[in-house]
Structure formats: structure tokens, C-alpha cells
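# Summary of structural features
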Amino acid sequence: MGFNEEEYLGGEPQSPSQDCDTPIDADSISGSEICSTVSLTGDVWKFEKENGRTYHGYRAGVYYYPNDPSEAERLDYQSAVLDFAFDGALHQAPISNPTNVLDIGTGTGSWAIQMGDLYPHAIIEATDLSPIQPTNVPENVQFIIDDAAEDDWAVPENHYDYIHTRVLMGCFEAFQEIVQKGFKHTKPGGWMESLECMHPPYCDDGTMPADWPFKEWTQTMDEAAMNAGRPLRIASRLKKWYIAAGFEDVHEKVIKIPINQWPRDRHLKQLGRYWAENLLAGLQGFSLALFSRVFGWNKTEIEVSHHSSFQTGGLIEPP
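Residues numbered from 1 in each chain as written. Predicted model: local features only at pLDDT ≥ 70, side-chain atom pairs only at ≥ 80, totals over all residues. Heavy atoms only, no water.

### Quick look at the overall build of the protein
Applied cut-off: Put simply, DSSP marks the helices as runs of H or I at least four residues long and the strands as runs of E at least two long, and each gets a number from the N terminus on. Only protein chains enter the area calculation, which uses a 1.4 Å probe; residues under 20% of their type maximum are buried, those over 50% are exposed, and those in between are partly exposed. In these tables, accessible area is a Shrake-Rupley quantity obtained with a 1.4 Å probe, and a residue counts as shielded only by the protein chains included in the view.
What the protein contains, in helices and strands, is eight helices and nine strands. Burial statistics for the protein: of 319 residues in total, 54% are counted as buried. Approximately 14300 Å² of the protein is accessible, and the part contributed by carbon and sulfur atoms is 48%.

In C-alpha cells:
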């Protein structure tokens, strides 16, 4: 069982990867100034408190996941796991000497900071709703409090050499509009790239039990996210949205990330454990605001309803 990580690229030609058609064998053992961004005062620092977690204050309520230290630590861990999954590659697009780069929904800024180190002559702008990024960063990295869903990005058209998004499922009402804005603000010959998780989890060989607690939790998440107008199922639509926006030479690369240690392959087995630990660390944060706001459940009802999913054995060990 696992997630498919899907990347869609728009820009100059790149040979698509076709190396993920074979099922995984299971282990028998089991720079520019953005004028409309807000200064770090007022609502930006007034984090909303709910069910023992904190949430963004700027444009409060549009994002359903926490921004507290526990979530920041998980986001950093998730970034490290994705680095492991992609063998340290920060992008798939064939960029070499970008001048202006945008990271949408940067979170703790891990990817942007790495890009700043990798491309010291580029200006790396990274946006988010929460000011949870470190201050000791490369001089060419700028963190900006902004909402990409707003109509005016306040930068010229054809501005960026490269625009990046990563794991933004459930963040926007219409991610296709983010892609459209990205096309508008990408230079001719530039690139935009999105990395997303397929939802719900998929299984190569039909061995995922219908009553696996984690599968049941993903179904509840899917229902809540749809009712909230923040769909999780965007990965399979990205290629279509990129083409519709006007990008040419759009390519798709799919890699498989196991959810726990069932693969025989050593690298995939380790990756599966890392990804399961990432999910386990995030389950409560993923659930609380969505389930309480959409279904009206209290914290106890949420944790009791999906008690098995919150237990280590339900994710770390194969079902």
C-alpha cells in the first residue's frame, strides 16, 4: 500500500520518466518586491487556538491545518523524507541558472532554503499564511506572508523562471486557478512544477483490507475536505490543469511511496517507514479542524472515532 507522488512540469521539453509501471515486490517477512504582502504585524501573529492546536491568523480559517511547533517539526521531517525519496533532487524541471524563483505554500521554508543554497545568485521568494520560517537563512531567500489564492500576486507577468508547489492538497478551493496564475507569472521558457500525493492510498496487489483503519480515516478525510471546499484529490488532475492553463511540453513523473515497511527493496522499505512516521505525526493535526468544523465533532469524538488510525501499529506495521 502506498501513495503515488505525482509531479507535473510545464515549460521546455523534458523526457518523461516511465520507470514506475512495475508493482513493488512485498517483503515476505512483512528578489522582486511584492507590494501587496502584509507586514508581520496584527493578525499575522494572532494565531487562532482550537482543540489544543494553533492555526494561522492571517486570513483565518481558509487553511485547515495547524502551524504550531509540532506541525512545524513534522513539516521539516516530511521535507527530509521527500529529499530521501527523490535522492536529494530539489526539482525535476531542467533549470540551471534561475534568476527569480517562487515557492507557494512554503511552510517552514525547508525547500526554499535549500534552493537558496543551491542557486546563490537567484532570488527565492517563498509565500505562506503563517510566519513560522527561520530567520537565519541565505540572503537570497525571502519569506512573504501572502495567499496565492488572491487574485493579485503583485508581481509583473512573465516574472519567474521557476514556480514550485509541494503537497498542497486540501489547501485551496480551486488549485487549477493557482496553476493559471502560475502560467501568467512564469517567463516564456520558464517552468512550473507541482508535487502532490495521490489520495486515497493505492495498492499494487489488492492486499489492502477494506477495513484497514487508516483507509477508513482517509475516506473520512476525503469527505470532510470535499464538504469544506478544499479537495484532496488534485494530483490526478494536475496534468490536465497545466495543459488547460497554456503550459506546453507538460510531463508527468510518478514515484511510489510505501506507507510502511512491506516492500522487499531496502530503500523502499526505509522510505515506507519514514512516510508512515510522517503520517502518524500528522494524523491529529490533519483531522482536528476539518472534522470539528465540518462534522461538528469535539476532540474526544475525533480521537475515539479514529482511535486505531492514531495507534502506531496501524501505520508502522503492514495491515
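### Focus: the packing of helix H3 (residues 175-185) against helix H5 (residues 238-245)
To keep it simple, the criterion reads: Note on geometry: axes are C-alpha line fits, over the in-contact stretch for helices, and angles between N-to-C directions span 0 to 180 degrees. Every angle not falling under 35 degrees, over 145, or within 65 to 115 is termed oblique; those three ranges are roughly parallel, roughly antiparallel and roughly perpendicular. Crossing handedness is defined as follows: a turn of the near helix away from the far one that is anticlockwise and smaller than a right angle gives a left-handed crossing, while the clockwise case is right-handed. Two residues form a contact once any of their heavy atoms are found within 4.5 Å. Each residue is assigned to one class: nonpolar for Ala, Val, Leu, Ile, Met, Phe, Trp, Tyr, Cys and Pro, charged for Asp, Glu, Lys and Arg, and polar for all the others, Gly among them.
With their axes 9 Å apart at the nearest point, H3 and H5 run at an angle of 40° to one another. Taken together, H3 and H5 sit at an angle that is classed as oblique. Crossing angle aside, the handedness with which H3 passes H5 is right-handed. Of the residues in H5, those touching H3 at Phe175, Gln176, Val179, Gln180 and Phe183 are Leu238, Trp241, Tyr242 and Ala245. For the contact of H3 with H5, the class distribution of residues is seven nonpolar, two polar and no charged.

### A few points about the pairing of strand S8 (residues 186-197)
Applied cut-off: Only strands that DSSP links by at least two bridges are regarded as paired with each other. Handedness is read with the strands pointing away from the viewer; a crossover is right-handed when the path from the first strand over the helix to the second is clockwise.
Buried residues dominate S8, accounting for nine of its twelve residues. Two elements, strand S7 (residues 160-166) and S8, share six bridges in a ladder whose sense is parallel. Residue pairing across strands places histidine 164 opposite glutamate 193, the latter belonging to S8. For the segment spanning S7, H3 and S8, crossover handedness is right-handed.

### Focus on the side chain of threonine 220
For threonine 220, the position within the fold is in helix H4 (residues 213-228). Excluding its chain neighbours within four sequence positions, the residues that come into contact with threonine 220 are Phe291, Phe295, Trp297 and His306.

### Structural notes on H4
Filter applied, for reference: One less than the number of residues in a helix, times 1.5 Å, gives the span that helix is expected to have.
Compared with the 22 Å implied by 1.5 Å per residue over 16 residues, the 22 Å span of H4 between its first and last C-alpha is a close match. Directly beyond the C-terminal end of H4, a positive phi value near 75° is found at glycine 229.

### Here we look at the pattern of salt bridges
Convention followed: By convention in these notes, a salt bridge is any Lys or Arg side-chain nitrogen within 4 Å of a carboxyl oxygen on Asp or Glu.
Scanning the entire structure with this criterion turns up nine salt bridges. A salt bridge links arginine 59 to glutamate 150, with the nearest nitrogen and oxygen atoms 3.6 Å apart. A residue pair is termed long-range when its members are at least 10 positions apart, and arginine 59 in the loop between strand S3 (53-55) and helix H1 (69-85) and glutamate 150 in the loop between strand S6 (141-145) and S7 qualify at 91 residues. A relative accessible area of 35% places arginine 59 in the partly exposed class. Residue glutamate 150 is classed as partly exposed on the basis of its relative accessible area, which comes to 24%.

### What to know about helix H6 (residues 266-295)
Rules: One fitted axis covers the seven residues ending at a residue, a second covers the seven starting there, and the bend at that residue is the angle between these axes. We define a polar contact as two N or O atoms separated by no more than 3.5 Å, with the added condition that, inside protein, one atom must be a possible hydrogen donor and the other a possible acceptor, whereas residues neighbouring each other in sequence contribute only through side-chain atom pairs.
In this model H6 runs 41 Å from its N-terminal to its C-terminal C-alpha over 30 residues, within 8% of the 44 Å that 1.5 Å per residue would give. At glycine 282, H6 is bent by approximately 45°, the largest bend along its length. Its side-chain oxygen 3.0 Å from the backbone nitrogen of histidine 267, aspartate 265 forms the N-cap of H6. Trailing H6 by a residue or two, glycine 296 shows a phi angle of about 75°, which is positive.

### So, the packing of aromatic side chains
Threshold: Side-chain rings of Phe, Tyr and Trp (the six-membered ring for Trp) are treated as a pair once their centres are within 6.5 Å; stacked means planes under 30 degrees apart, edge-to-face means over 60, and tilted covers the remaining angles.
Taken as a whole and assessed by the stated rule, the structure comprises 14 aromatic pairs. Plain terms: the ring middles of phenylalanine 84 and tyrosine 274 are 5.2 Å apart, the flat faces sit at 75° to each other, and that makes the pair edge-to-face. With phenylalanine 84 in helix H1 and tyrosine 274 in helix H6, this pair connects stretches of sequence that are 190 residues apart. Owing to a relative accessible area of 27%, phenylalanine 84 belongs among the partly exposed residues under this scheme. Considering the side-chain rings of phenylalanine 291 and phenylalanine 295, the 5.8 Å spacing of their centres and the 40° angle between planes classify their relative orientation as tilted. Here phenylalanine 295 and phenylalanine 291 lie together in helix H6, a separation of four residues that amounts to about one turn. Phenylalanine 291 gets classed as buried once you look at its relative accessible area, which sits at 0%. Among the aromatic residues, those joined into a ring-pair cluster are Tyr63, Tyr65, Trp212, Phe214, Trp217 and Phe286.

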